[in-house]
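As a plain string of letters, each chain reads:
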Amino acid sequence: MTKLDYHRADSVEDAVRERGASASHMYLAGGQTLLNLIKTHAVSAEMLIDISRLGLNKISRKGDVLSIGAGATHTQISQDPAVLEHLPALARLAACIGDNAVRNRGTLGGAVANNDPSGDYPAALLALGARIETTAGTTDSHRFFGQGPTGDLILAVHIPLPERAAFARIQHQASRSCLVGVFVAEREGKRRFVASGCFADGAKEIDIQTPIDDLSAVLDDSFGSAKYRAHLVHVLAKRALLELES
Ligand SMILES: Cc1cc2nc3c(=O)[nH]c(=O)nc-3n(C[C@H](O)[C@H](O)[C@H](O)COP(=O)(O)OP(=O)(O)OC[C@H]3O[C@@H](n4cnc5c(N)ncnc54)[C@H](O)[C@@H]3O)c2cc1C
C-alpha cells in the first residue's frame, strides 16, 4: 500500500509552504475528483494538503463584480442570494452538477483546477470573461485555462457581471455530469458562446452560425460520438439563445 501523508493547512501560507514545489504534494478541497484519481492510481500523491478550513468560501458582490471564493461548494453557489440575483445562470449551472454528494463537497476551485473538457464551469468562466485569483496573482480565464496546471493555490474567481447570461446542457444519464453544455454571456451587445463537453482540449468559444465540420478536435467516446456532440453544441447554443432572449 502506498504511504499517503495528510496535513490540514491552517492558513494560505501554511498550505503553500507544505506544497512547496512538489507535484506529489496535492491540495485536497472537496476530494470529489482527487480521491477517485488516487484510488484508481490515475495520480500518485505523497501528501494531501487539506485546504477546506481556510475560509476560502466567501461569495460577495462589489459594484459589477461578483467574487466567489475557491472553496465555495456547488451547493453554496447554487443557493447564494447574490448569485441568484445577479447571475442566475451560474446558480442553475451549479445546481446541475453531479449529485448531492458532489454538490455538497465539490468546490469551484477544484473544478477550475481540474479544467475537465466536460466540466461546466470553465465554459461559464470563459464566456463571462472571469479572472482567476491565485497565490501567484490574478489572471484572465483564457490565459489561466490556456497555460495548463501551474500548481498555484486558487483563491477566488472574479466575474464581471454580464447584462444577460444563459446556460443549456445535456447531461449524462447515470452520473448527471455534463455531456455537452453551452454558456452564453452578453455584454455591451456582444454575445460570447462557449461550449463544454465538445472539444478534447477544453471549453472553447463557438460561432453559432458555423457548424463544426472538422471533427478531429471533437471529443469522441462511448457517451457521445464526435458527430453527435458537434450536432448537440448547436442545438444547445440555440436553446441558450432562446433562454437569453426570453
Ligand atoms: C459523480 C460526479 C459527477 C460530476 N458531475 C459534474 C458535472 O456535472 N459538472 C462539472 O462541472 N463537474 C462535475 N463533476 C466534477 C466536480 O465538479 C469536481 O469533482 C469537483 O468540483 C472538484 O472539486 P473538489 O473540491 O472535490 O476538488 P478535489 O477533488 O479536492 O481536487 C481536485 C483537483 O483540484 C486541485 N485543487 C482543489 N482545490 C484547489 C485550489 N483551491 N487551488 C488549486 N488546486 C486545487 C486538487 O489538488 C486536485 O488536483 C462531477 C464529479 C463526480 C465525481
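Model, not experiment: these values are computed from the prediction.

Draft legend 1. Region of interest: the sheet that holds strand E3 (residues 47-50). Spatial ordering of the open sheet is given by E1-E3-E2, a layout of three strands whose pairing is parallel. Lying at the two open borders of the sheet, with one neighbouring strand each, are strand E1 (5-8) and strand E2 (25-28). With strand direction ignored, the average angle separating the axes of adjacent strands in the sheet is 25°. As paired strands, E2 and E3 are joined by four bridges and run parallel to one another. Counterpart to histidine 25 in the pairing with E3 is methionine 47. Strands in contact with helix H1 (residues 12-19) are E1, E2 and E3; relative to E2, the strand with the most contacts, it is inclined by about 150°.

Draft legend 2. Expanded view of the packing of aromatic side chains. With the rule as written, the count across this model stands at two aromatic pairs. Both rings, one in phenylalanine 144 and one in phenylalanine 145, keep their centres 5.4 Å apart while their planes meet at 85°; by these two values the pair is edge-to-face. With relative accessibility at 10%, the residue phenylalanine 144 sits in the buried group. Given a relative accessible area of 11%, phenylalanine 145 falls into the buried group. One residue, lysine 204, lies across the ring of phenylalanine 199, its end atom 5.1 Å from the ring centre.

Draft legend 3. Spatial organisation of the site of the ligand. Around the ligand lies a shell of 32 residues, among which Tyr27, Gly30, Thr33, Thr107 and Asp120 are the nearest. At a separation of 2.7 Å, an oxygen atom of the ligand approaches a polar side-chain atom of threonine 107. Aspartate 120 places a polar side-chain atom, nitrogen or oxygen, 2.7 Å from a nitrogen atom of the ligand. Contact with the protein chains removes 87% of the 960 Å² of surface that the ligand exposes when unbound. Ranked by residue count, the leading element in the shell around the ligand is helix H7 (residues 108-114), at five residues. Residue composition of the shell around the ligand, by class: 14 nonpolar, 14 polar and four charged. Three or more residues apiece are contributed to the shell around the ligand by two domains, here domain 1 (5-50) and domain 2 (59-245).

Draft legend 4. Representation of the environment of tyrosine 228 in the model. Structurally, tyrosine 228 can be placed in helix H10 (residues 226-245). Taking the C-alpha atoms as reference points, tyrosine 228 and alanine 166, 62 residues apart in sequence, are found 22 Å from one another.

Reading guide: rules and limits
Here the residue index of a chain counts from 1 through its sequence in written order. The predicted nature of this model means local features are confined to residues of pLDDT at least 70 and side-chain atom pairs, given and counted, to a pLDDT of 80 or more, with totals for whole chains, interfaces and linings taken over all residues. Neither water nor hydrogens contribute to the side-chain values; these are computed over all heavy atoms in the structure. Two strands pair under a simple rule: DSSP has to find at least two bridges between them. Starting at the N terminus, helices and strands are each numbered in turn, a helix being any DSSP run of H or I of at least four residues and a strand any DSSP run of E of at least two. Interaxial angle, 0 to 180 degrees, is taken between N-to-C directions of lines fitted to C-alpha atoms, where a helix line uses only the stretch in contact. Throughout, a contact is declared for two residues whenever any of their heavy atoms are within 4.5 Å. Aromatic rings from Phe, Tyr and Trp, taking only the six-membered ring of Trp, are treated as a pair when their centres fall within 6.5 Å; an angle between ring planes under 30 degrees marks them as stacked, one over 60 as edge-to-face, and anything in between as tilted. Exposure categories follow from relative accessible area, calculated using a 1.4 Å probe and restricted to protein chains: below 20% of the type maximum is buried, above 50% is exposed, and the middle band is partly exposed. Comment: the charge-over-ring label is applied if NZ (Lys) or CZ (Arg) is within 6 Å of the ring centre and within 35 degrees of the ring normal. Each residue is tested against the molecule or strand, and it is near if at least one of its non-hydrogen atoms lies within 4 Å. In protein, a polar contact requires one atom able to donate a hydrogen and another able to accept it; more generally it is a pair of N or O atoms within 3.5 Å, and residues adjacent in sequence count only if both atoms are side-chain atoms. Shrake-Rupley sampling with a 1.4 Å probe provides the accessible areas, and residues are treated as covered by the protein chains on show and by no other component. Classification convention: Asp, Glu, Lys, Arg as charged; Ala, Val, Leu, Ile, Met, Phe, Trp, Tyr, Cys, Pro as nonpolar; all other residues, Gly among them, as polar. All domain edges in this entry derive from an automatic or database-based domain assignment.

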